[in-house]
2 protein chains.
Amino acid sequence: MKVVKFGGSSVASGAQLKKVTEILESDPERTVVVVSAPGKRTADDEKVTDLLIQLGESVDDNHMNGDIYEKVRNRFKEIIDDLDLSDRTLSEITNKIDEGIAMIRGGAANGIDALKACGEDGTALILSAFLSERKHNASYVHPKEAGIFLKDEPGGALVLEESFAHLYELRKKEGILVIPGFFGYTKEGKLITFSRGGSDITGSIVAAGVKADLYENFTDVDSVYCVNPALVKNPKEMKNLTYREMRELSYAGFSVFHDEALIPAFKEKIPVCIKNTNNPEAPGTMIVAEREDTCGDVVGIASDDGFVTIYVSKYLMNREIGFGRRLLHILEDEEVSFEHAPSGIDDMSIILREDVLPSHKEETVVKRIREELQVDTVEIERNMAMIMIVGEGMNQRVGVASKATRAFEKAGVNLEMINQGSSEVSMMFGIHEDGMEKSVQELYKMYFS
Amino acid sequence: MKVVKFGGSSVASGAQLKKVTEILESDPERTVVVVSAPGKRTADDEKVTDLLIQLGESVDDNHMNGDIYEKVRNRFKEIIDDLDLSDRTLSEITNKIDEGIAMIRGGAANGIDALKACGEDGTALILSAFLSERKHNASYVHPKEAGIFLKDEPGGALVLEESFAHLYELRKKEGILVIPGFFGYTKEGKLITFSRGGSDITGSIVAAGVKADLYENFTDVDSVYCVNPALVKNPKEMKNLTYREMRELSYAGFSVFHDEALIPAFKEKIPVCIKNTNNPEAPGTMIVAEREDTCGDVVGIASDDGFVTIYVSKYLMNREIGFGRRLLHILEDEEVSFEHAPSGIDDMSIILREDVLPSHKEETVVKRIREELQVDTVEIERNMAMIMIVGEGMNQRVGVASKATRAFEKAGVNLEMINQGSSEVSMMFGIHEDGMEKSVQELYKMYFS
């Protein structure tokens, strides 16, 4: 049994949904489908979810933006017409949109969530109708019916453990099941959505719940590249990755999707395959728990900017038992989550993302470190970039670090920081943002050319 | 005003003490002298302090080891005879030894300290008598009279802050003052000693107290080498070092002397010069607060073995606010002081010295980490070596890291760990012990040949 998830561009039009159908028809194991809301058809197109958010924001007691309402309706109508489906599906969709609008007018806190969810929901209604037209035993499965129960948290909804047992029950159903991504329900029956990109989370939760043999994530690229293609032209594709490699790569700006969406699937050790709806014959990128050919090669280079470092020095720091702990406690106290904290003898650096340290917090944190820890120096450095080279077994191999540092030297970039050895599958480098592009290019040449 | 300290080999014989006298006579600024106990004259000789410890251990109510007593007495007698001094000095010394023995017999807790102190005390009595014979205005100054007050702590005696003000009063005295190193007094008037090598501490405290223009530490090498001469033949000498460089070098096994002995002098920003009693014309190694020519060169390579790493991994560790702090808290709780704690996304390594983690503590620490932090892995790796390359400004220079990693590659040694960027003046590498010698040799070639 395979769980198949299709992203926004894969369901952006009738033509795309026909490809989706062919993909499903080509493999009878593909019996559970999770879909996103229709995405962009062209670069300057609008995503249905964005339109729904605009629509929701325009709603007040008496008015709303009728143009946007029509835009949304037309996107669905076009798809339905392309697929020669009846108007009944369109009515179902518009009814749900109208319900969402009414909820907002009624003052429901989750009204905007209900409206936003209409994108994925509409896709699922259309796809299941189209599959039925093609004489498949297909059914639309509502997330509430599937038992996807969520907890409302400040950072975005979190799945409740019991959902997995509910989802396992789906195995009893026959035919193809089509589930809209992006939303679920609280125990009180209130619809809530994940954070953006939430269809990936639904796909991963469903794959984990039904204990799929494979979770296929269809997008619009043939596979994951070993380096950001915005920095290196036509980079190599990655055929095979481990979860740990994926996680380290995602961490430093690997943007195919957010690695955390895959956590439920990872936890159940379900292999994940990233594939292209527009070229389903391409093998894609497989992400697995363990890889056989871990010969110490570097599999990928990730890079991201927008980091900041806090450098703290205090003479005789390492004789002071508890210093590191007290420093980290101040950060915890100020709700500042840090990424890394390499320490020297009398020095410690904290690396964090710029967005967790706005200037008012910076002031408090610096003040507390200075006063409570009686340090000699606290310095803040912004505009830092982190570059990560990743590969299972890499750190057991002589010369990997040497290649990397040579690449930075060739790029003429000074290494502000090297952190190797704390992770078994990666090596991290901190540099000034302006050297990032050149460094990544030289690293790519060093390991992949 | 210069404070001059002479180590054990510099005062091991009458001939050596004549050299000391000439050194003092060659510079009228050298007015405060701190001396060690007579050390070894040849490789198979015995140090007077070691003899005194053996003697003390042999003392009981009725007996003691008379042969050792005679050995100690003869060492002093030989020196006194060589210098043509009267027997009065010998009687003064033997009286103090007899007093120490009586204190041990009387059950005094500090009896052994009093006996041990006779080595330095004897040297000071002899040197001041000899200087007086040579018509200098010289006087022996007892540490109690100098006002060196100490606090008895489990790890060794610590100097009390008020001592510095007392020592400043010595500036009023005329002539050459000779102070025995290694011991001081509690506020209750009880003699106590520093840990071994304590004459260096006395020298540094006295230099800080009198606010010397220079603290000269005379030993038996022309200067400090840039690398351990046991690993590299005839290495280059270091002419100029900063305190920070010295501290980082000392940390990883740079054994000329323990950097902590210099802390009192460092705190007062007093320049320190390491010189050779047997070749006083050589310029020696200057250790200063700031160096002008910090052009980013590597000034030294230090290395030491006997390290152990605790590797901890937990999926999603970096999302868990407070994880690092709680891990360090467990170590603090178990009174395990760590050296470094580099962290990755889902991993953290703790590096410590083997002696702070005996196997019974290892078991407790591993158990607590596993149970209290619910981690996926805890692994202990012993037999690690740390290599440190040190130089002010080094980390601002492109290519320094590249040279280092190339050296390890040439040595065929795998880098288990790199920690760069937390300290501004050093780069640290962790490897298996068996690759240490070869790595240090390749690093030396890379930076110094």
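Sequence positions are assigned chain by chain, starting from 1 and proceeding in written order. Chains carry letters and ligands carry numbers; both start at the beginning, A for chains and 1 for ligands, and go up in the order they are written. In keeping with the predicted nature of the model, local features appear solely for residues at pLDDT of at least 70, side-chain atom pairs appear and are counted solely at 80 or more, and the whole-chain, interface and lining totals rest on all residues. Remark: hydrogens and water are excluded; side-chain values derive from all non-hydrogen atoms of the structure.

Peer 1: It is not clear to me how the overall build of chain A should be interpreted in this structure. Could you clarify?
Peer 2: Segments assigned H or I by DSSP are reported as helices when at least four residues long, segments assigned E as strands when at least two residues long, and all are numbered from the N terminus. Within chain A, the secondary structure is distributed over 15 helices and 19 strands. Just to be clear, the radius of gyration here is over C-alpha atoms, and the globule rule we use is 2.2 Å times residues to the power 0.38. On C-alpha atoms alone, chain A measures out to a radius of gyration of 25 Å, which is about the 22 Å that the 2.2 N^0.38 rule sets for 449 residues. When its C-alpha atoms are laid out on the principal axes, chain A stretches across 75 × 50 × 40 Å. Expressed as a percentage of its 449 residues, the buried residues of chain A come to 60%. Contacts are residue-level and defined by heavy atoms, with any inter-residue pair within 4.5 Å sufficient. At a minimum sequence separation of 6, the contacts of chain A that also span at least 24 residues come to 74%. Counting only carbon and sulfur atoms, one obtains 46% of the accessible surface of chain A, whose full area is about 18100 Å². Charge counting follows a simple rule: Lys and Arg are positive, Asp and Glu are negative, and His as well as the terminal groups are ignored. Lysine's charge is taken at NZ, arginine's at CZ, aspartate's at CG and glutamate's at CD. Between the averaged position of the 52 positive side-chain charges in chain A and that of its 76 negative side-chain charges there is a distance of 3 Å. Three exposure classes are used, based on accessible area relative to the maximum for each residue type with a 1.4 Å probe and protein chains only: buried under 20%, partly exposed in between, and exposed over 50%. Per-residue accessibility takes into account occlusion by the displayed protein chains alone, with areas from the Shrake-Rupley method and a 1.4 Å probe.

Peer 1: Got a minute to help me understand the sheet that holds strand β15 (residues 300-313) of chain A in this structure?
Peer 2: The strands that make up a sheet pair up through hydrogen bonds in the backbone, lying either parallel or antiparallel. Strand pairing is assigned whenever DSSP identifies at least 2 bridges connecting the two strands. The 10 strands lie next to each other as β16(A)-β15(A)-β17(A)-β19(A)-β18(A)-β18(B)-β19(B)-β17(B)-β15(B)-β16(B), forming an open sheet whose pairing is antiparallel. A single partner strand is all that each edge strand has here, and the edge strands are β16 (347-353) of chain A together with β16 (347-353) of chain B. Averaged over all adjacent pairs, the angle separating strand axes in this sheet is 30°, with direction ignored. Inspection of the sheet shows strand β15 (residues 300-313) of chain B paired to β16 of chain B by seven bridges, in the antiparallel sense. Counterpart to Phe307 of chain B in the pairing with β16 of chain B is Arg353 of chain B. Helix α14 (residues 400-410) of chain B rests against β18 (417-420) of chain A together with β17 (377-390), β18 (417-420) and β19 (426-432) of chain B of the sheet, and its axis sits at about 15° to β19 of chain B. Note on method: axes are straight lines fitted to C-alpha atoms, helices fitted across the in-contact stretch only, with angles between N-to-C directions ranging 0 to 180 degrees.

Peer 1: Looking at this structure, how should I read the domain arrangement of chain A?
Peer 2: Size of an interface, as often reported, equals the accessible area lost when the parts are brought together. Note: domain ranges come from an automatic or database domain assignment. In terms of domain boundaries, chain A breaks down into domain 1 (2-220) and domain 2 (300-448). A C-alpha centroid distance of 40 Å is found between domain 1 of chain A and domain 2 of chain A.

Peer 1: How should I be thinking about the packing of helix α14 (residues 400-410) of chain A against helix α15 (residues 436-448) of chain A in this particular structure?
Peer 2: Residues and elements named next belong to chain A. In the contact formed by α14 and α15, the axes pass within 8 Å of each other and the chain directions differ by 140°. The orientation of α14 relative to α15 falls into the category oblique. As for how α14 packs across α15, the hand of that crossing is right-handed. Contact residues: Val400, Lys403, Ala404, Arg406, Ala407, Phe408 and Lys410 in α14; Ser439, Glu442, Leu443, Met446 and Tyr447 in α15. Nonpolar residues are Ala, Val, Leu, Ile, Met, Phe, Trp, Tyr, Cys and Pro. Charged residues are Asp, Glu, Lys and Arg, and all others, Gly as well, are polar. Residue classes in the contact of α14 with α15 are distributed as seven nonpolar, one polar and four charged. With respect to orientation, any angle under 35 degrees is reported as roughly parallel, any angle over 145 as roughly antiparallel, any angle of 65 to 115 as roughly perpendicular, and every other angle as oblique. The hand of a helix crossing depends on one turn: near helix anticlockwise from the far one by less than a right angle means left-handed, and clockwise means right-handed.

Peer 1: Just checking my understanding: could you explain helix α1 (residues 14-25) of chain A for this structure?
Peer 2: An α-helical turn contains 3.6 residues, so a residue and the one three or four places further along point in the same direction. Residue and element names in this part refer to chain A. The span you would expect from a helix comes to 1.5 Å times its residue count less one. Helix length check: α1, at 12 residues, gives a terminal C-alpha distance of 16 Å against a target of 16 Å (1.5 Å per residue), a fit within 8%. All of the buried residues along α1 are Gly14, Gln16, Leu17, Val20, Thr21, Ile23 and Leu24. Along the axis of α1, the buried positions cluster into a sector of 165°, meaning they face one direction only. In this description, the arc belongs to the directions extending from the helix axis to the C-beta atoms.

Peer 1: Before we go on, may I ask you to explain the relation of the copies chain B and chain A in this structure?
Peer 2: The operation relating the pair of chain copies consists of a rotation about an axis and a translation along that axis. Alignment of copies: least-squares fit on C-alpha atoms of residues with pLDDT of at least 70 in both copies. Under the fitted operation, chain B is carried onto chain A by 0.0 Å of movement along the axis and a turn of 180°, and the coordinates agree to an RMSD of 0.0 Å. Taken together, these values place the two copies in the relation of a two-fold axis. Both copies contact each other with a shared surface, as 100% of the interface residues of chain B are interface residues in chain A too.

Peer 1: Explain the UniProt feature "binding site: ATP" (unreviewed entry) in chain A to me, please; I cannot follow it from the model alone.
Peer 2: Residues and elements named next belong to chain A. UniProt positions are given in the numbering used here, feature names are shortened, and annotations may be inferred rather than shown by experiment. Sequence positions flagged by UniProt for "binding site: ATP" (unreviewed entry) are, in local numbering, Thr219, Asp220 and Tyr225. One can find Thr219 in strand β9 (residues 214-219). Setting aside residues up to four positions removed in sequence, Thr219 forms contacts with Ser10, Ile274, Lys275, Asn276 and Thr277. Positionally, Tyr225 belongs in strand β10 (residues 224-225). The exposure class of Tyr225 is partly exposed, given its relative accessible area of 26%.

Peer 1: Looking at this model, I keep getting lost on the nonpolar core. Mind explaining?
Peer 2: Generally speaking, a soluble globular protein has its nonpolar side chains buried in company with each other. Nonpolar cores were defined as sets of buried Ala, Val, Leu, Ile, Met, Phe, Trp, Tyr and Cys residues, with membership established by side-chain atoms within 4.5 Å. With 156 residues, the main nonpolar core has Ile389 of chain A together with Ile389 of chain B as its most contacted residues. Among residues more than four places away in sequence, those in contact with Ile389 of chain A are Val298, Gly300, Ile301, Met394, Val400, Ala404, Val425, Ser426, Met427, Phe429, Leu443 and Tyr447 of chain A. Of all hydrophobic cores here, the second largest spans 44 residues; its members include Met317 and Leu327 of chain A together with Phe323 and Ile350 of chain B.

Peer 1: Honestly, the interface of chain B and chain A in this entry has me stumped. Any pointers?
Peer 2: Contact with chain B, which involves 57 residues of that partner, is made by 57 residues of chain A. Joining two parts hides part of their accessible area as seen by a 1.4 Å probe, and the buried area is that hidden amount summed over both. For the pairing of chain B and chain A, the buried interface totals around 5100 Å² over both sides, and the portion due to carbon and sulfur atoms is 51%. Together, Arg247, Arg325 and Ile345 of chain B form the three largest contributors to the area buried by chain B at its contact with chain A, with a combined 13%. Any carboxyl oxygen of Asp or Glu that lies within 4 Å of a side-chain nitrogen of Lys or Arg is treated as forming a salt bridge with it. The tally of links from chain B across to chain A stands at six salt bridges. A salt bridge links Glu409 of chain B to Arg406 of chain A, with the shortest nitrogen-to-oxygen separation between them at 3.8 Å. In the analysis that follows, any N or O atom pair within 3.5 Å is treated as a polar contact, provided that within protein one partner can donate a hydrogen and the other can accept it, and provided that, for residues neighboring in sequence, both atoms belong to side chains. Across the chain B-chain A interface, the total number found is 12 residue pairs in polar contact (both at pLDDT 80 or more). Every element with two or more residues in the side of chain B that touches chain A is listed here: α10 (243-251), α11 (263-267), α12 (323-333), β16, β17, α14 and β18 of chain B. Residue composition of the side of chain B that touches chain A, by class: 20 nonpolar, 21 polar and 16 charged.

Peer 1: Before we go on, may I ask you to explain the side chain of Glu248 of chain B in this structure?
Peer 2: On the secondary structure map, Glu248 of chain B appears in helix α10. We note that Glu248 of chain B is buried and unpaired, the nearest opposite charge coming from Arg247 of chain B at a distance of 6.7 Å. If we ignore the near neighbours within four places in the chain, the residues touching Glu248 of chain B are Ile345 and Asp347 of chain A together with Met388, Val390, Ser423, Val425 and Ser426 of chain B.

Peer 1: I'm lost on the UniProt feature "domain: ACT" (unreviewed entry) in chain A in this one. Help?
Peer 2: Sequence positions flagged by UniProt for "domain: ACT" (unreviewed entry) are, in local numbering, residues 389-449 of chain A. Split by type, residues 389-449 of chain A is 39% helix and 21% strand. Its first and last C-alpha atoms lie 15 Å apart.

Peer 1: Help me understand empty space enclosed by the protein, please; the structure alone is not making it clear to me.
Peer 2: One simple way to see leftover space: roll a probe sized like a water molecule over the atoms. Points on a 1 Å grid, built from protein atoms alone, make a cavity when a 1.4 Å probe fits but cannot get out and make a pocket when they are open with protein on both sides within 12 Å along at least 5 of 7 lines; residues with an atom within 4 Å of a point are the lining residues. Grid points are joined across faces, edges and corners, and a volume is the space filled by probe spheres set on the points. The tally for this structure, following the rule as stated, stands at six cavities of 30 Å³ or more. Within this model, the largest cavity holds a volume of roughly 250 Å³. In this structure, the largest cavity is lined by 25 residues; those nearest its centre are Met317, Glu320, Phe323 and Gly324 of chain A together with Phe338 of chain B. Elements that contribute at least two residues to the lining of the largest cavity include exactly α12 (323-333) and β16 of chain A together with α12 of chain B. When residues in the lining of the largest cavity are grouped by element, the largest group, four residues, is from α12 of chain A. In the lining of the largest cavity, the residues fall into 13 nonpolar, six polar and six charged. Roughly 190 Å³ of volume is contained in the second largest cavity.

Peer 1: Help me understand the pattern of salt bridges, please; the structure alone is not making it clear to me.
Peer 2: Oppositely charged side chains may form a pair once their charged atoms are brought near each other. Applying the stated rule across the entire model yields 60 salt bridges over all chains. The network of salt bridges with common partners includes Arg41, Asp45, Arg75 and Glu78 of chain A.

Peer 1: How do you make sense of the sheet that holds strand β1 (residues 2-6) of chain B when you look at a structure like this?
Peer 2: Residue and element names in this part refer to chain B. Reading across from one edge, β3-β6-β2-β1-β9-β13-β14-β12 is the order of the eight strands in this open sheet, with mixed pairing throughout. Every interior strand has two partners, whereas the edge strands, β3 (138-140) and β12 (240-242), have only one. Geometrically, the sheet is characterised by an average inter-axis angle of 20° between neighbouring strands, direction not taken into account. Strands in contact with α10 are β12 and β14 (285-288); relative to β12, the strand with the most contacts, it is inclined by about 85°.

Peer 1: Could you clarify how one ought to interpret the pairing of strand β6 (residues 176-180) of chain B in this entry?
Peer 2: Working note: regular strand, side chains alternate between the two faces of the sheet. All names here are of chain B. Counting buried positions along β6 yields five of five residues, so the element is predominantly enclosed. A two-sided burial pattern is seen for β6, the buried positions comprising Ile176, Val178 and Pro180 on one face and Leu177 and Ile179 on the other. Bridge analysis of strand β2 (residues 30-35) against β6 gives four bridges, and the strand direction is parallel. Counted as the bridge partner of Val35 is Pro180 from β6.

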